[in-house]
Structure formats: structure tokens, C-alpha cells
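# Descriptive structure summary
Spelled out, the chains give:
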Amino acid sequence: MVNYKDLGLVNTREMFKRAVAGGYAIPAFNFNTMEQMQAIVMAAVETKSPVIMQVSKGARNYANGTILRNLAKGAVEYAKELGCEHPEIVLHLDHGDSFELCKECIDNGFSSVMIDGSSLPYEENIALTKKVVDYAHQFDVTVEAELGVLAGVEDEVSSAESHYTKPEEVIDFSTRSGCDSLAISIGTSHGAHKFTPEQCTLVNGVLVPPPLAFDILHEIEKKLPGFPIVLHGSSSVPMDEVNTINKYGGHLEAAIGIPEEQLREASKSAVCKINIDSDSRLAMTAAIRKHLAEHPGDFDPRQYLKPARENMKKMYIHKIVNVLGSDGKLAQC
Ligand SMILES: [Zn+2]
């Protein structure tokens, strides 16, 4: 048994309280590699932002859970080494799909877990979430639940169509399950292909996706004042990265994300955690493709992973400062 507090990590409770009250959102960046971890920590330290480092089931399969936990422990120490005396770093399980997986993570140093029972019937979702909450809270680990279904594909999570969260269910769900935060579905979507061109409107040569359902978000906020709300599938899929990938031999067609303007608006509400994964993948791949195309003789991974790390760091800083507004929001700098 490894408790997250011994690793210097924190849970989400206090940071969410401050984020909801302060009208900003905490970034939740997925990571699978050391370079992503380094870029996240450098960005968080430079901007003095709390940060959630999240691990999906796919990341655990790829990198091994023990290694990822030690990377998170290393992240805390690295942040201190970079001059941040009181970093606020959460190690979060993204899309836990069973009580057993959540328990394993809680027992192994995670400070926060998501139990995603959104594909289950309503009562079963409550029962499973409550079971995880009852276990997690014994160790002061916070729990994110999900109500409503997001479309799109992300690692092992996929759904062909989305079902918006029903505002009339949120009070009953959060009260009976005891969850600490709630992921809702209001039109965001997993992956780098969130919408088909047919779903979008062409404005000045750019495909603009349908707007998020802010009316549903506001109804939920009215029912659960101050309760932490989470948005998944919130990469914006920057066109410059997509263009770089395609310019240097890639083939990404019709990649469309959530406009940053809408995420900025959501951050000002009870939305206090915004999940970003695809944008980091795009930033990394764009930099690697560009480097290898321009330096065909390079074969030392450090030569192309260094610009990849730099490009991810730049993207993380941009999100923190210009989209989520969590810069300068550490409790103690
Ligand atoms: Zn998700």
C-alpha cells in the first residue's frame, strides 16, 4: 500500500473549491511518457499552476502503472528542483472502468480516480460510483464520476453517439453516489476527430463545430451550486499542428476540436477540470515529424524528443494561461 501523501501528491478537493470560486479551471493533461511528464511539470512550474496528471487504462498498458506512479513522484520532486516549493500535483486515474482498477490505483499512490459508469443503467452507475467513493474516501482520495455519454474514441473508451447529461438527474446522482466531481456531456467529444465536416459550419474557410450546450451546463450549475464539474474530450486540435503533421508526411484528415473560446467560457463557470490529451499528442508528433524531415540523418531519440518536449510545454503553457486561467493559482508559491 502506497499513500499518495507520502509521494507529495494532493487530491483535487481544495484546488477544485478554489477553481469554482475563482472562475477558472485546472488543466488535466494525460501522460504516457517521461517527456510528457517533464513538459507538464515545466509548464505548471513556470505558470505557478496546480495541475492534474492523468493516466488512462491505455497509458497503464503502455507504460506500466508502477512506472507512471514513480514518474508522478518524480514530477513532485522535479517541480521542487525547478524552484516551486509547494507544487500541487494530482495523480488521477482517467476512465476507471471497474471497482477493482480504482482500488488498485488508490492502493498504489493515486490521489484521485475516475469511475466511469456512464455506459451503465442509471442505478448501476450510482451503485458502482458509491462503492468506489466509500473505499476512496477512507484514504482521502477524491472521486470523479460521469453522467451522460461523450461521443468519440479515446484509448479504450469509445461511443458512436453522445447523450447529453440530464440536469434533472444530477442532484440525485451526486447526493446518492457521494462523488466529489462530475463529468458531464454537453457536446465535447473524445479524440482528434470530434466532428464530421457535415456537422460543422464553414466560416471564412474554417470548419466551426456546433457550440457546446451551455444551456445544459447552466441548468446543472443551478441545481448543484458550487459543485465541481468536469469536461472530457476538450482538446482544441490546433490547425497549425495538424498542418505541420500533414506538411511533413502525415495524413490527418478532417481533425476538428473544441474552439478555445468555448473552453474559456466554460472555465469561468463551475467547470473546474478540463481534460486535454489529443493536443499533446498532436504537438509531440508535429515536432517529431518536422525534426526528422529537416534532419534525415538524426537517429538519436534525444534529438527529436527534445523539440517534441519543447512544443508540448509551449502548448501546455498556452492552455494554462490563455484558455483555463489557472496561472498563478497555487495556494502557496
Ligand atoms: Zn474522457
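The preceding data block contains the structure.
Residues numbered from 1 in each chain as written. Predicted model: local features only at pLDDT ≥ 70, side-chain atom pairs only at ≥ 80, totals over all residues. Heavy atoms only, no water.

What follows covers the environment of Arg69. Relative to the helices and strands, Arg69 resides in helix H4 (residues 65–81). By relative accessible area, Arg69 is classed as buried at 14%. Taking the C-alpha atoms as reference points, Arg69 and Phe110, separated by 41 residues in sequence, lie 7.4 Å from one another. For Arg69, the residues in contact, after removing those within four places along its chain, are Val2, Leu7, Leu91 and Asn108. (Helix = DSSP H or I, 4+ residues; strand = E, 2+ residues; numbered from the N terminus. Buried < 20%, exposed > 50% of the residue type's maximum accessible area, 1.4 Å probe, protein only. Contact = heavy atoms within 4.5 Å.)

For the zinc ion, the protein coordination sphere consists of His95 (NE2), His190 (NE2) and His232 (ND1), at 2.0 to 2.1 Å. Between the donor residues of the zinc ion, the gaps in sequence give the motif H-x94-H-x41-H. Of this pair, His190 sits in strand S9 (residues 189–190) while His232 sits in the loop between strand S12 (229–231) and helix H9 (239–247); the two residues are 42 residues apart in sequence, bridging distant segments of the chain. For His190, a relative accessible area of 3% translates into the label buried. (Donors = N, O, S within 2.8 Å, 3.2 Å for Na, K, Ca; no water.)

Our focus in this paragraph is unusual backbone geometry. Not every positive phi belongs to a glycine, and Asn64 is a case in point at roughly 85°. Positionally, Asn64 belongs in the loop between helix H3 (57–63) and H4.

This next bit is on a nonpolar patch on the surface. Nonpolar side chains collect at one region of the surface, where Val203, Val206 and Val208 lie side by side and expose about 210 Å² of accessible area between them. Position of Val208 among the secondary structure elements: in strand S11 (residues 206–208). (Patch = residues over 30% accessible without salt bridge, like charges linked within 9 Å, V, L, I, M, F, W, Y side chains within 5 Å. Areas by Shrake-Rupley, 256 points an atom, 1.4 Å probe, with all protein chains shown as cover. Salt bridge = Lys/Arg side-chain N within 4 Å of Asp/Glu carboxyl O.)

Moving on: the pattern of salt bridges. Using the criterion set out here, one finds 21 salt bridges in the structure. Notably, a salt bridge pairs Arg281 with Asp277, separated by 3.1 Å at the nearest N-O pair. One network of salt bridges, in which partners are shared, links Lys5, Arg13, Asp140 and Asp180.

Under the criterion given, the structure shown has four aromatic pairs. Between the aromatic rings of Phe99 and Tyr135, the centroid separation amounts to 5.9 Å while the plane-to-plane angle is 80°, which identifies the pairing as edge-to-face. Pair noted here: Phe99 is in helix H5 (residues 99–106) and Tyr135 is in helix H6 (residues 122–137), with a separation of 36 residues, a long-range link. Exposure class is identical for Phe99 and Tyr135. Each is buried. Seen in terms of ring centroids, Tyr122 and Phe173 are 6.2 Å apart; in terms of plane orientation they differ by 50°. Their pairing is tilted. One end of the pair, Tyr122, is in helix H6; the other, Phe173, is in helix H7 (residues 170–177), with 51 residues separating them in the sequence. Residue classification places Tyr122 among the partly exposed residues on the basis of a relative accessible area of 22%. Feature note: the residues Phe99, Tyr135 and Phe139 constitute an aromatic cluster, connected by ring pairs. The aromatic ring of Phe99 is capped on one face by Lys131, whose charged end is 4.5 Å from the ring centroid. Above the face of the Tyr24 ring, Lys329 is positioned so that its terminal group lies 4.9 Å from the ring centre. (Phe/Tyr/Trp six-rings, centres within 6.5 Å; stacked < 30°, edge-to-face > 60°. Lys NZ or Arg CZ within 6 Å of the ring centre and 35° of its normal.)

Within the largest apolar cluster, 85 residues are counted, with the highest numbers of intra-cluster contacts made by Phe31, Leu182 and Ile229. At eight residues, helix H12 (residues 301–324) tops the list of elements feeding residues into this core. With near-sequence residues (within four places) excluded, Ile229 lies in contact with Leu182, Ile184, Leu217, Ile220, Ala270, Val271, Cys272 and Lys273. If you look at the next biggest cluster of nonpolar residues, it comprises ten residues, including Met15, Tyr24, Ala28 and Val90. (Core = buried A, V, L, I, M, F, W, Y, C linked by side-chain atoms within 4.5 Å.)

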